[in-house]
Amino acid sequence: MSVKSAKSEGVELKLPNKTIELPLRSGTLGPDVLDIKSLAPEGYFTYDPGFVSTASCESKITYIDGDQGILLYRGYPIEQLAEKSDFLEVAYLLLRGELPTVPEKTEFVSTLKQHTLVHQQIFNFFNGFRRDAHPMAIMVGVVGALSAFYHDALDINNPEHRETAALRLIAKMPTLAAMCYKYSVGLPFMYPQNDMGYAENFLHMMFATPSETTKPNPILSRAMDRIFILHADHEQNASTSTVRLAGSTGANPFACISAGIAALWGPAHGGANEACLNMLHEIGDVSQIGKYIEKAKDKSDPFRLMGFGHRVYKNYDPRAKIMRETCHEVLSELGLEDNPLFKLAMALEKIALEDDYFVSKKLYPNVDFYSGITLSALGIPTAMFTVIFALARTVGWISHWNEMVSAPDYKLGRPRQLYTGWPKRNYPAES
Ligand code: SDX
């Protein structure tokens, strides 16, 4: 991979008492970065709430161009991977950096199949939850608890341990996710069937029962696999940054992924797919769209148009286009072309994209806008949407965790602050 040489020139920063030079670094693609490491010794911090202008790390995994609406996994456009690849090939690509050869893919898939089961004791954890517990609450708990079962491979400085932890997590997430659903409806857990594909096996564990093991529809399995591909990674988003920060302390990978699941849950992030479907149900009818568009524009109203806007994309999220096509495929396969929610979503998208507020602020549909309708059509309950996002994003999270921990110079993440509290004051003397 040819990397632009780091630019020799820097920028001069005139401080009150001196001028210093900050090195300028260029990546392969994207904006140059100002290396500000030398500021702290000079007694200064930078201030960037929400990290809008901050590059937290160097990475080779995923590249996003928000203005052009470009998303590359290890250089490959998401559109090509969604059309030509499958989720486990994408997982291999994100984790190891290159597409696998046929023998490499075969070996990778067969190794994963050795890890699809979870320890029987984990079944007991589920019994501690209420049946109506949110499945993300269960996932945060049970994924974090995995570290209680794998003392044999928790040395994060051992590459083989890191690889085993990655494979265990990628293999077990579908099993745990399906267990969350089965527990919520009071049905028995289904064991993974290793003669099935990854997405097919997930749908099997979700919807088969011991008394009826129907083989999932291949078109729906392919759609599920494509949804996993679209959600696999996305650069330094909030949950991935959480995983990196947790990993920088030396915490074990299961604890770090559990932290990522917790961060993803928020409606501003991975929880948006659940929030978007609930919003569409609340809007209910095309005639109500105008009222909700006005609510979204009203600064005094906390309502946001769920599934719209993005910190990085100021153009159409390339995943949203693929998600809309996949949604259409699933609805037509299921004879649901007249799905009122899909029609409502398309009408909402059209109206919003013609409204100056959304156009001027460059607010476009994101990956979450159509994923909820698709998952709902697949029979997946709304509360499970973010669990599926977490299932897929585990590949990205563990790839970033591995990239960071395997770097010789990684440091404990510890941001500073602008302190605006009290200056030193003394405890009141005895009155
Ligand atoms: C994901 O980071 C990632 O990569 C995330 C993700 C991934 O794959 O990991 O892509 C997944 O999280 C997608 C985003 C899902 N979230 C939603 O759909 C929730 C709705 N969207 C908004 O909450 C919002 O757009 C955010 C949180 C996604 C982005 O917020 P930013 O970048 O902090 O943008 P902002 O709040 O600065 O918005 C700029 C302006 C503001 O108005 P002004 O202060 O300039 O007047 O746009 C407004 C915002 O009020 N705005 C919206 C809006 N999103 C932004 N107004 C109405 N509805 C919206 N959805």
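Look up a bit, the structure's there.
In short, a report on the structure. Bear in mind that the values here come from a model prediction, so they are computed numbers and not experimental data.

## Here's the deal with the overall build of the chain
Link 1 in the chain: Helix and strand content of the chain: 17 helices and 6 strands.
Link 2 in the chain: Here the C-alpha radius of gyration of the chain, 23 Å, is about what a compact globule of 431 residues would show, namely 22 Å.
Link 3 in the chain: With the principal axes as the frame, the chain shows a C-alpha extent of 75 × 70 × 60 Å.
Link 4 in the chain: Across the 431 residues in the chain, those meeting the buried criterion constitute 49%.
Link 5 in the chain: Taking all contacts inside the chain whose residues are at least 6 apart in sequence as the whole, residues at least 24 apart take part in 71%.
Link 6 in the chain: Summing over all exposed atoms, the chain offers an accessible surface of approximately 21,400 Å²; the carbon and sulfur share of this is 55%.
Link 7 in the chain: Here the chain contributes 42 positively and 48 negatively charged side chains, and the mean placements of these two sets differ by 5 Å.

## Considerations on the pattern of salt bridges
Link 1 in the chain: On inspection of all chains with the given rule, the structure shows 19 salt bridges.
Link 2 in the chain: Put simply, Lys215 and Glu200 hold a salt bridge, and the shortest N to O gap is 2.7 Å. Residue Lys215 is located in the loop between α7 (198-207) and α8 (218-230), and its partner Glu200 is located in helix α7; the two are separated by 15 residues in the primary sequence.
Link 3 in the chain: Its relative accessible area of 59% is what places Lys215 among the exposed residues.

## With respect to a nonpolar patch on the surface
Link 1 in the chain: Residues Val11, Leu34 and Ile36 make up a contiguous nonpolar surface patch of roughly 200 Å² in combined accessible area.
Link 2 in the chain: Mapped onto the elements of the fold, Ile36 is located in the loop between β3 (33-34) and β4 (62-65).
Link 3 in the chain: Using a relative accessible area of 34% as the deciding quantity, one classes Ile36 as partly exposed.

## A short note on the packing of aromatic side chains
Link 1 in the chain: According to the stated counting rule, one finds 19 aromatic pairs in the structure shown.
Link 2 in the chain: Arranged with centres 5.2 Å apart and planes meeting at 35°, the rings of Phe87 and Tyr198 form a pair that is tilted. A residue pair is termed long-range when its members are at least 10 positions apart, and Phe87 in helix α2 (residues 87-96) and Tyr198 in helix α7 qualify at 111 residues.
Link 3 in the chain: Both rings, one in Phe123 and one in Phe189, keep their centres 5.1 Å apart while their planes meet at 85°; by these two values the pair is edge-to-face. In this pair, Phe123 is assigned in helix α4 (residues 121-127) and Phe189 in the loop between α6 (159-184) and α7, connecting sequence segments 66 residues apart.
Link 4 in the chain: Members of the aromatic cluster, connected to one another through ring pairs, are Phe308, Phe342, Tyr357, Phe358, Phe369 and Tyr370.

## Section: the pairing of β4
Link 1 in the chain: Residue alternation in β4 divides its side chains into two sets, Thr62 and Ile64 and Tyr63 and Asp65, and both sets are buried.
Link 2 in the chain: Pairing analysis gives 4 bridges linking β4 to strand β5 (residues 70-73), with the strands arranged antiparallel. Across the sheet, residue Ile64 finds its bridge partner in β5, namely Leu71.
Link 3 in the chain: Connecting β4 to the next strand, β5, in antiparallel fashion are 4 residues, including Gly69 with a positive phi near 65°.

## Re the packing of helix α16 (residues 368-377) against helix α17 (residues 385-405)
Link 1 in the chain: Where α16 meets α17, the axes come as close as 10 Å, and the angle between the chain directions of the two elements is 110°. With respect to each other, α16 and α17 are oriented roughly perpendicular. Along the contact surface, α16 presents Asp368, Gly372, Leu375 and Ser376, while α17 presents Phe385, Ile388 and Phe389.
Link 2 in the chain: For the contact of α16 with α17, the residue count by class is 4 nonpolar, 2 polar and 1 charged.

## Regarding the site of the ligand
Link 1 in the chain: Taken together, 24 residues surround the ligand, and among them His234, His310, Arg311, Arg319 and Arg393 come closest.
Link 2 in the chain: For the ligand, a nitrogen atom lies 3.0 Å from a polar atom in the backbone of Ala268.
Link 3 in the chain: Considering the ligand on its own, with 1,000 Å² of exposed area, one finds that the protein chains cover 77% of that surface.

Each value, and the rule that gives it
Residues numbered from 1 in each chain as written. Predicted model: local features only at pLDDT ≥ 70, side-chain atom pairs only at ≥ 80, totals over all residues. Heavy atoms only, no water. Helix = DSSP H or I, 4+ residues; strand = E, 2+ residues; numbered from the N terminus. Rg over C-alpha atoms; globule rule 2.2 N^0.38 Å. Buried < 20%, exposed > 50% of the residue type's maximum accessible area, 1.4 Å probe, protein only. Contact = heavy atoms within 4.5 Å. Areas by Shrake-Rupley, 256 points an atom, 1.4 Å probe, with all protein chains shown as cover. Lys, Arg positive; Asp, Glu negative; His and termini not counted. Charge placed at Lys NZ, Arg CZ, Asp CG, Glu CD. Salt bridge = Lys/Arg side-chain N within 4 Å of Asp/Glu carboxyl O. Patch = residues over 30% accessible without salt bridge, like charges linked within 9 Å, V, L, I, M, F, W, Y side chains within 5 Å. Phe/Tyr/Trp six-rings, centres within 6.5 Å; stacked < 30°, edge-to-face > 60°. Pairing = 2+ DSSP bridges. Axes fitted to C-alpha atoms, helices over the stretch in contact; angles between N-to-C directions. Parallel < 35°, antiparallel > 145°, perpendicular 65-115°, else oblique. Nonpolar A, V, L, I, M, F, W, Y, C, P; charged D, E, K, R; others polar. Near = heavy atom within 4 Å. Polar contact = N/O pair within 3.5 Å; in protein donor to acceptor, adjacent residues only side chain to side chain.

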